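# Remarks on the overall topology
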Amino acid sequence: MGKLVIVGTVAFDAIETPFGKTDKILGGAGTFIGLAASNFNIDSAVVSVVGGDFPQEYLSLMSNKNIDVSGVEIIEDGKTFFWSGRYHNDMNSRDTLVTELNVLENFEPKVPENYRDAEVVMLGNLHPSTQMSVLNQMTEKPKLVILDTMNFWMDCALDELHNTIKHVDVITINDEEARQLTGEYSLVVAARKIHDMGPEYVVIKKGEHGALLFHDDNAFYAPALPLEEVFDPTGAGDTFAGGFAGYLAKTKDYSFDNMKKAVIYGSTLASFCVEKFGTQRIENLSTTEIYKRLDQFKSLTQFEIELN
Ligand code: AMP
């Protein structure tokens, strides 16, 4: 069975969208990635840290889905990472209102012993030095290292980010962040520049406009599924990354062609995520639901054309 180790925030989020507002609910990049990857029947572990204020039921929610949470450290007298954001009317852009690192400030991740030989490592959005520390703990060189990051870390830890990026095979990043990281408007040029920083594969997420996968001179594009209801995009990027990583850990085929399928799985899972607040929609997805949506994806994007 494929083994996937995930590092990322396990957090409280408070979200405002044009459709409503939440108090502190379960969130965090590690949480969304873990839940998405749990659909692939693989061994997965989330490495993270929470405070004494974090409800046990949230950890149980993950372990009930076979996610190993023994690498989620609990600092009893600390407070859990908290993030709050407000979406604009287009639901594609948002403002971060609050980022309280709390226990994340001094976080030293510890990869569980039995996951130090995992084939796939998913470095979720976190301080790049923390991401690097996870890589350094692997006893065997992983077959695939995927990194996700965001503008926050570009603003406050750019040198460390450049250092970590050198060691990864795939980067998943959104369009705005790709432009910030490279100073280039064209995503094709930005992808090439990121490629030169280290990653062989570059995935650029474009929210409701889908995702692009670049490798050398090859590019692949998957649209986002047009949905009737987009309720809360929080975690869609992480859910995409979790679906992408989970599929590759399951199939153990890290070729460009298989990554195209991983992009489709990532987009499919992300399409569920946005339908409800936080993790609500992806907490209990059935295989039938996922396959139905994959089928919708197929009919949305397949066509026959005669070239003569
Ligand atoms: P996404 O919508 O995929 O970009 O991810 C949203 C998730 O990222 C939320 O659940 C937040 O808890 C988490 N998050 C927000 N800011 C940060 C940050 N600076 N570092 C790590 N995770 C973050």
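Overview of the structure. (Residues numbered from 1 in each chain as written. Predicted model: local features only at pLDDT ≥ 70, side-chain atom pairs only at ≥ 80, totals over all residues. Heavy atoms only, no water.)

Every one of the 19 residues lining the ligand counts as a neighbour, but Asp13, Gly28, Arg94, Gly235 and Asp238 are closest to it. Residue Gly28 places a main-chain N or O atom 2.7 Å away from an oxygen atom belonging to the ligand. Side-chain polar atom of Arg94 to an oxygen atom of the ligand: 2.8 Å apart, as the coordinates give it. Bound to the protein, the ligand loses 93% of the 510 Å² it would expose on its own. Secondary structure elements with two or more residues in the shell around the ligand: β2 (11-17), α4 (151-156) and α8 (236-251). For the shell around the ligand, a count of residues per class yields 9 nonpolar, 7 polar and 3 charged. (Near = heavy atom within 4 Å. Polar contact = N/O pair within 3.5 Å; in protein donor to acceptor, adjacent residues only side chain to side chain. Areas by Shrake-Rupley, 256 points an atom, 1.4 Å probe, with all protein chains shown as cover. Helix = DSSP H or I, 4+ residues; strand = E, 2+ residues; numbered from the N terminus. Nonpolar A, V, L, I, M, F, W, Y, C, P; charged D, E, K, R; others polar.)

Turning to its location among the elements, Asn258 is positioned in helix α9 (residues 256-273). Residues Asn258 and Tyr247, 11 residues apart in the sequence, show an inter-C-alpha distance of 9.1 Å. For Asn258, the residues in contact, after removing those within four places along its chain, are Tyr247, Leu248, Thr251 and Asp253. A distance of 2.8 Å separates the side chain of Asn258 from the side chain of Thr251, its partner in a polar contact. (Contact = heavy atoms within 4.5 Å.)

Attention shifts here to the nonpolar core. Within the largest apolar cluster, 60 residues are counted, with the highest numbers of intra-cluster contacts made by Leu4 and Phe244. With near-sequence residues (within four places) excluded, Leu4 lies in contact with Ala37, Ile42, Asp43, Ser44, Ala45, Tyr115, Ala118, Val120, Met122, Ala245, Gly246 and Ala249. Counting 47 residues, the second-largest nonpolar core is a separate cluster that includes Val111, Met154, Val168 and Leu181. (Core = buried A, V, L, I, M, F, W, Y, C linked by side-chain atoms within 4.5 Å. Buried < 20%, exposed > 50% of the residue type's maximum accessible area, 1.4 Å probe, protein only.)

Turning next to the packing of aromatic side chains. Counted under the stated rule, the structure contains 9 aromatic pairs. Judged by centre distance (6.3 Å) and plane angle (70°), the rings of Phe40 and Tyr247 are edge-to-face. Taken together, the residues span a long stretch of sequence, with Phe40 in the loop between α1 (29-37) and β5 (43-51) and Tyr247 in helix α8 at a distance of 207 residues. With respect to burial, Phe40 and Tyr247 carry one shared label: buried. Where Phe231 meets Phe277, the ring centres are 4.9 Å apart and the plane angle is 75°; that geometry is what we call edge-to-face. Taken as a pair, Phe231 in the loop between β15 (218-222) and α8 and Phe277 in the loop between α9 and α10 (287-301) lie far apart in primary sequence, 46 residues in all. Look at Phe231 and you get partly exposed, because its relative accessible area is 23%. Residue Phe277 is classed as buried on the basis of its relative accessible area of 10%. Aromatic ring contacts, followed pair by pair, group Phe12, Phe54 and Tyr58 into a single cluster. Over the face of the ring belonging to Phe82 we find Lys24, whose NZ or CZ atom lies 4.7 Å from the ring centre. (Phe/Tyr/Trp six-rings, centres within 6.5 Å; stacked < 30°, edge-to-face > 60°. Lys NZ or Arg CZ within 6 Å of the ring centre and 35° of its normal.)

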